[in-house]
Amino acid sequence: MAGASKAVADSRANLPFVYRQYSAEQLKQVLHKMYLIRRFEEGAEECYTRGLIHGTMHLSIGQEASAMGICMPLAEDDQITSTHRGHGHCIAKGAEVKRMFAEFFGKTTGYCKGRGGSMHIADVAKGNLGANGIVAGGIPIAVGAGLSSKMMKTGKVVVSFFGDGANNEGAFHEALNMAAIWKLPVIFVCENNGYGMSTSTARSTAVKNIADRAAAYSMPGVIVNGNIFSEVAEASHQAVARARAGEGPTLIESKTYRHRGHSKSDRNRYRTKEEIEDWMSNRDPITLFESELREFGFIDDKGIEAIRDAVAQEIADGIEFAKASPSPDIRTVQDYVYTEQA
Amino acid sequence: MDAMVRELSYAQAIQEAMAIAMDMDERVFLMGEDIGVYGGAFQVTGDLVERYGTERVIDTPISELGGAGVAVGAAVTGMRPIFEFQFSDFATLAMEQIVNQAAKMRFMLGGEVSVPVVMRFPAGSGTGAAAQHSQSLEAWLGHVPGLKVIQPATPHDAKGMLLAAVADPDPVMIFEHKLLYKMKGPVPEGYYTVPIGKADIRREGRDLTIVATSIMVHKALEAAAALEAEGIDIEVVDLRTIRPMDKQTVIDSVKKTSRLMCVYEAVKTLGIGAEVSAMIAESEAFDYLDAPIVRLGGAETPIPYNPELEKATVPQVPDIIAAARELVKGVR
Ligand SMILES: Cc1ncc(C[n+]2csc(CCOP(=O)(O)OP(=O)(O)O)c2C)c(N)n1
Ligand SMILES: [Mg+2]
């Protein structure tokens, strides 16, 4: 990505990574997208509460810096596989919120034409191969995409997002091993939010850090504060460089927290109010990024206000678009099961 | 021995059965994802962890293959595990241990061991959970000798069949339709069993036999009640167990009604309906048939997210009514 000019770069020499690497415009874009993720999920949650959306959903509120930081150094044709908690990844990789809302409303204009819903949200044109209803289901698929990249010499890098819970599935271990032995351009990103549903990592996982698993597959294991955009982006930047250079995969553990319950039916009985409150008040990734931007002079109150207003408008328009879109015809119920052939 | 009968939900009935099983036999314990403090994804285990502790109500990591295998290993060596899959769809991750190990271990070792494991699978569509959380895979497991596969349709049977499953020396797979969990019905207090391998005639009739499974039993009964006004008299057989299947009850019913319709939620092709139909075609009931057999099953597609499409994917009451009318044409 085209970054800051030489003179500007010198004046920022002591700032954290992203403030040296990217232009003010790019960084404002990041804040914009972080808000877009947050407001998209709040909007989806409200639509769900009002009965406009059915099924269930898993909100990533509190994890926005992780999605944005990882996707920051990716090119448009790089690819990702995502998870059940995948709205943020989808937006970070370039999806339009109106087509995401349309999918949640089950409409034909949605990214999956109303067949997938929240749990299968994707944007294949932008390189998002899809969220996944199966924990760890996307990890081997990312390795396969990495194999394609290598065999077809496309230069694409593939990111596989997954949660802490996923690191105890066999698929995780098998996939990491293959990526390592074949030196594939894959970045494994564990968004460790402390819990897989109700089960804390302390109760589910033998190692203290998921990144410790990297040693078993002979790849770098990097731990970052997933709520600090710059830290995440820097780790991703290095992993992308390593992948593009043909040096193989990296495991990044992004330590973060989900503010909301696991899904719409969670009573939060496995964690305390104080814990949730602490993460919301003191470690909110958007608040943290915003205050850094302000402190380093990249944005002022008016600029922030403008971003919030634009995002609010985009969300309102997106919901309207979804409502006004057509539902699939019942007669098409068996479409897309197989590839249509002339 | 007149036990008190109360109204319980299907989920409560299962929970009560698990509690009774644990009270009666200290080898019985529960394993599964988020079955402890969370109470299970569908609140079936509920507060059992508070009553029996984390030693007997064990939260596993998200490791279906390993978890199911650990249950199999514990069963072979003296314990009586009840393993909960969070959704039946995740059985696909554990197929190796279920199909290659649990089902075959006794056979391969020449009868030297038994595998008294119980596995529970919340199944079916109707919750908007889309293609990977809505499947009906019971026929997959029904295809495997060594397993027993049951689908209780009522709270009464859910409790009695679970207790029968725990008492059974062989692996029993229980498919529980998610939309049944909140359904209430009469359930006797205390211990009782409902036999595995025995179908139940839920409604007697002369014109047509509907063989249904799980939630489709209720839809078939609804359709039968609606058609009564038209003078169509339907017999509804709740199959309850798909392996080993109660052939005789179905054969006797078809001999009486001369017409057969199979209604099940799983994908129509290569499923339970095919098995029941073929079984009848091979039996003495074949000569009694007055019309071709009809199967109503799920559409040949994964379950879609859109709610209207989702409904259109599985048989609904009006579909059963229409098909039954067509099938008995000219009878009355
Ligand atoms: C194979 C499989 N097992 C279980 C589930 C049910 N489930 C969905 S999300 C989830 C927790 C996942 O935890 P984690 O990987 O940490 O992701 P998070 O939800 O925290 O983002 C569970 C148990 C599933 N979808 N797939
Ligand atoms: Mg987690």
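Residues numbered from 1 in each chain as written. Chains lettered and ligands numbered in written order. Predicted model: local features only at pLDDT ≥ 70, side-chain atom pairs only at ≥ 80, totals over all residues. Heavy atoms only, no water.

Novice: Run through the interface of chain B and chain A, naming residues and quoting values.
Specialist: Each side of the interface is counted separately: chain B has 34 residues, and chain A has 39 residues. A combined buried area of about 3000 Å² lies between chain B and chain A, and 57% of that area is made up of carbon and sulfur atoms. Together, B:Tyr38, B:Ile62 and B:Tyr305 form the three largest contributors to the area buried by chain B at its contact with chain A, with a combined 26%. Here chain B and chain A share two salt bridges between them. When the shortest N-O distance is used, the salt bridge between A:Arg269 and B:Glu50 registers 3.5 Å. Counting every contact that joins chain B to chain A gives 17 residue pairs in polar contact (both at pLDDT 80 or more). (Contact = heavy atoms within 4.5 Å. Buried area = accessible area lost by both parts, 1.4 Å probe. Salt bridge = Lys/Arg side-chain N within 4 Å of Asp/Glu carboxyl O. Polar contact = N/O pair within 3.5 Å; in protein donor to acceptor, adjacent residues only side chain to side chain.)

Novice: So, the sheet that holds strand β11 (residues 234–238) of chain B: which residues are in play, and what are the values?
Specialist: Two strands in a sheet stick together by hydrogen bonds in their backbones, pointing the same way (parallel) or opposite ways (antiparallel). Residues and elements named next belong to chain B. If you trace the five strands from one edge of the open sheet to the other, you get β9-β11-β10-β13-β14, paired in mixed fashion. For this open sheet the edge positions go to β9 (200–203) and β14 (294–298), each flanked by a neighbour on one side alone. Neighbour-to-neighbour, the strand axes of this sheet turn through a mean angle of 25°, independent of strand direction. The sheet contact formed by strand β13 (residues 260–267) and β14 spans four bridges and is parallel. Each residue of the ladder has a partner; that of Val 267, found in β14, is Gly 298. Most of the contacts of helix α10 (residues 272–282) go to β13, to which it runs at about 155°, and overall it touches β10 (208–212), β13 and β14. (Pairing = 2+ DSSP bridges. Helix = DSSP H or I, 4+ residues; strand = E, 2+ residues; numbered from the N terminus. Axes fitted to C-alpha atoms, helices over the stretch in contact; angles between N-to-C directions.)

Novice: Describe the UniProt feature "domain: Dehydrogenase E1 component" (unreviewed entry) in chain A, with residues and values.
Specialist: Per the UniProt annotation, the sites labelled "domain: Dehydrogenase E1 component" (unreviewed entry) are residues 33–330 of chain A. Secondary structure across residues 33–330 of chain A divides into 44% helix and 10% strand, with the first and last C-alpha atoms of the span separated by 35 Å. (UniProt positions renumbered as here; feature names shortened; annotations may be inferred.)

Novice: Break down the coordination of the magnesium ion (ligand 2) for me, with residues and values.
Specialist: Residue and element names in this part refer to chain A. For the magnesium ion (ligand 2), every protein donor is listed as Asp 164 (OD), Asn 193 (OD1) and Tyr 195 (O), and the spread of their distances is 2.1 Å. Between the donor residues of the magnesium ion (ligand 2), the gaps in sequence give the motif D-x28-N-x1-Y. Taken together, the positions of Asp 164 in the loop between β2 (158–163) and α8 (170–181) and Asn 193 in the loop between β3 (186–192) and β4 (195–196) put the pair 29 residues apart, joining distant regions of the chain. (Donors = N, O, S within 2.8 Å, 3.2 Å for Na, K, Ca; no water.)

Novice: Explain the site of ligand 1 to me, and be specific about the residues and the numbers.
Specialist: Neighbouring ligand 1 are 23 residues; A:His84, A:Arg85, A:Gly133, A:Gly165 and B:Glu64 lie closest to it. Within the backbone of A:Gly133, one N or O atom sits 2.7 Å away from a nitrogen atom of ligand 1. A:Val135 is positioned with one of its backbone polar atoms (N or O) 3.0 Å from a nitrogen atom of ligand 1. In terms of residue class, the shell around ligand 1 is built from eight nonpolar, nine polar and six charged. (Near = heavy atom within 4 Å. Nonpolar A, V, L, I, M, F, W, Y, C, P; charged D, E, K, R; others polar.)

Novice: I'd like to hear about the packing of aromatic side chains, residue by residue, with values.
Specialist: Where two aromatic rings form a pair, the distance of their centres and the angle of their planes describe that pair. Residue and element names in this part refer to chain A. One pass over the full model with this rule turns up 18 aromatic pairs over all chains. An aromatic cluster is defined as three or more aromatic residues linked by ring pairs; in this entry it consists of Tyr 19, Phe 229, Phe 289, Phe 296 and Phe 298. Positioned above the aromatic ring of Phe 321, the side-chain terminus of Lys 98 is 4.8 Å from the ring centre. Positioned above the aromatic ring of Trp 279, the side-chain terminus of Arg 283 is 3.9 Å from the ring centre. (Phe/Tyr/Trp six-rings, centres within 6.5 Å; stacked < 30°, edge-to-face > 60°. Lys NZ or Arg CZ within 6 Å of the ring centre and 35° of its normal.)

Novice: Explain the environment of B:Tyr38 to me, and be specific about the residues and the numbers.
Specialist: Along the chain, the position of B:Tyr38 falls in the loop between β2 (28–32) and α2 (48–52). With relative accessibility at 5%, the residue B:Tyr38 sits in the buried group. In this structure the C-alpha to C-alpha distance between B:Tyr38 and B:Asp59, which are 21 residues apart in sequence, comes to 9.5 Å. Once you skip the residues sitting within four places of it in the chain, B:Tyr38 turns out to touch A:Met197, A:Ser198, A:Ser263, A:Ser265, A:Asp266, A:Arg267, A:Tyr270 and B:Gln43. (Buried < 20%, exposed > 50% of the residue type's maximum accessible area, 1.4 Å probe, protein only.)

Novice: Could you give an account of the UniProt feature "domain: Transketolase-like pyrimidine-binding" (unreviewed entry) in chain B, naming the residues involved and the relevant values?
Specialist: UniProt's feature table lists "domain: Transketolase-like pyrimidine-binding" (unreviewed entry) at residues 8–183 of chain B, given in the numbering used throughout. Taken end to end, residues 8–183 of chain B comprises 38% helix and 17% strand; its first and last C-alpha atoms sit 8 Å apart.

Novice: How would you summarise the nonpolar core if you had to cite specific residues and measurements?
Specialist: One finds A:Leu27, A:Leu31, A:Phe101, A:Phe229 and A:Phe289 to be the most contacted residues of the largest nonpolar core, which totals 67 residues. If you tally residues by element for this core, the top one is helix α3 (residues 24–49) of chain A, at 10 residues. Excluding residues that lie within four positions of it along the chain, A:Leu27 makes contacts with A:Val18, A:Tyr19, A:Tyr22, A:Phe229, A:Phe289, A:Leu293 and A:Phe298. B:Tyr52, B:Leu162, B:Tyr192 and B:Ile210 belong to the second largest nonpolar core, which has 64 residues in total. (Core = buried A, V, L, I, M, F, W, Y, C linked by side-chain atoms within 4.5 Å.)

Novice: Give a detailed account of the pattern of salt bridges, specifying residues and quantitative values.
Specialist: Residue and element names in this part refer to chain B. Summed over the entire model, instances satisfying the criterion amount to 35 salt bridges over all chains. Lys 329 is paired through a salt bridge with Glu 326; the nearest N and O atoms lie 3.2 Å apart. For the pair Lys 329 and Glu 326, a shared accessibility class is recorded, and that class is exposed. The structure contains a network of salt bridges with shared partners spanning Asp 157, Asp 200, Arg 202, Asp 238 and Arg 240.

Novice: Provide a residue-level description of helix α8 (residues 215–228) of chain B, including the pertinent values.
Specialist: Residue and element names in this part refer to chain B. In this model, α8 (14 residues) spans 20 Å end to end at C-alpha, consistent with the 20 Å of a helix rising 1.5 Å per residue. Turning to α8, its buried residues number three or more, namely Ile 215, Met 216, Val 217, Lys 219, Ala 220, Ala 223, Ala 224 and Leu 227. Among the structural elements, β7 (172–177), β9, β10, β11, β13 and α12 (317–328) are those in contact with the buried residues of α8. (Expected span 1.5 Å × (residues − 1).)

Novice: Please give an account of the packing of α8(B) against α12(B) that cites residues and values.
Specialist: Residue and element names in this part refer to chain B. At a minimum axis separation of 9 Å, α8 and α12 run at an interaxial angle of 55°. When the axes of α8 and α12 are compared, the pair comes out oblique. Judged by the sense of rotation from one axis to the other, the crossing of α8 with α12 is right-handed. Together, Lys 219, Ala 220, Glu 222, Ala 223, Ala 226 and Leu 227 of α8 and Val 317, Ile 320, Ile 321, Ala 324 and Arg 325 of α12 make up the contact between the two elements. (Parallel < 35°, antiparallel > 145°, perpendicular 65-115°, else oblique. Left-handed = near helix turned anticlockwise from the far one by under 90°.)

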